[in-house]
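Structural characterization, general
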Amino acid sequence: MRLDNAKVKKWKDLVEAFLKQYKFNLEIAPDRTIIMSMEKENQESVRAYAQRWRDKATHVQPPLIDTKMVMSFANTFQSPYYAHLIGSSAQHFHEVVRIPKRIEQAIKRGKIECSIMDSRTMMRDNSGGG
């Protein structure tokens, strides 16, 4: 809107002005290492984490194919999630999200035990301590 009309005589001028203005978006696009280093926060639900992860993953350059996205997402989880996810045959992101959701529910019901370290973390988080 603030572009000087006198400077735009051809479509090419408009394209160049646009690219100059928004080039920074290409420069700061997340890469695969950023999404591979993400982790689910202790109080974060699997659903919220999956949404946060997917939002970042959609901006990765070059784009991830579905199977690579599934493996990258699964590899960000720690125990006990990881052990169940690694054996999964999920091919699509929406399929792989269901697995940690079920694990999360099973942990809450006491059907899957967390390691001692995971239990301490969960107890600390539930008690409100740091």
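For the structure given in this document, a descriptive report is provided here.

Parameters and conventions
Residues numbered from 1 in each chain as written. Predicted model: local features only at pLDDT ≥ 70, side-chain atom pairs only at ≥ 80, totals over all residues. Heavy atoms only, no water. Salt bridge = Lys/Arg side-chain N within 4 Å of Asp/Glu carboxyl O. Buried < 20%, exposed > 50% of the residue type's maximum accessible area, 1.4 Å probe, protein only. Axes fitted to C-alpha atoms, helices over the stretch in contact; angles between N-to-C directions. Helix = DSSP H or I, 4+ residues; strand = E, 2+ residues; numbered from the N terminus. Parallel < 35°, antiparallel > 145°, perpendicular 65-115°, else oblique. Left-handed = near helix turned anticlockwise from the far one by under 90°. Contact = heavy atoms within 4.5 Å. Nonpolar A, V, L, I, M, F, W, Y, C, P; charged D, E, K, R; others polar.

1. Observations regarding the pattern of salt bridges
Under the defined criterion, the tally for this structure stands at one salt bridge. Among the salt bridges present, the one from Arg 52 reaches Glu 44, with a minimum N-O distance of 2.9 Å. For Arg 52, a relative accessible area of 31% corresponds to the partly exposed category.

2. Brief notes about the packing of helix α3 (residues 46–57) against helix α4 (residues 66–74)
Packing of α3 against α4 brings their axes to within 12 Å, and their N-to-C directions diverge by 130 degrees. Classified by the angle between their axes, α3 and α4 sit oblique to one another. The handedness of the crossing between α3 and α4 comes out as right-handed. Contacts between α3 and α4 involve Tyr 49, Ala 50, Trp 53, Arg 54 and Ala 57 on the former and, on the latter, Met 69, Ser 72 and Phe 73. Of the residues that constitute the contact of α3 with α4, the class distribution is six nonpolar, one polar and one charged.

3. Examining the environment of Ala 74
Here Ala 74 shows up in helix α4. For the pair Ala 74 and Met 36, spaced 38 residues apart in sequence, the C-alpha separation works out to 9.4 Å. With residues up to four places along the chain from it excluded, the contact list for Ala 74 reads Tyr 82 and Leu 85.

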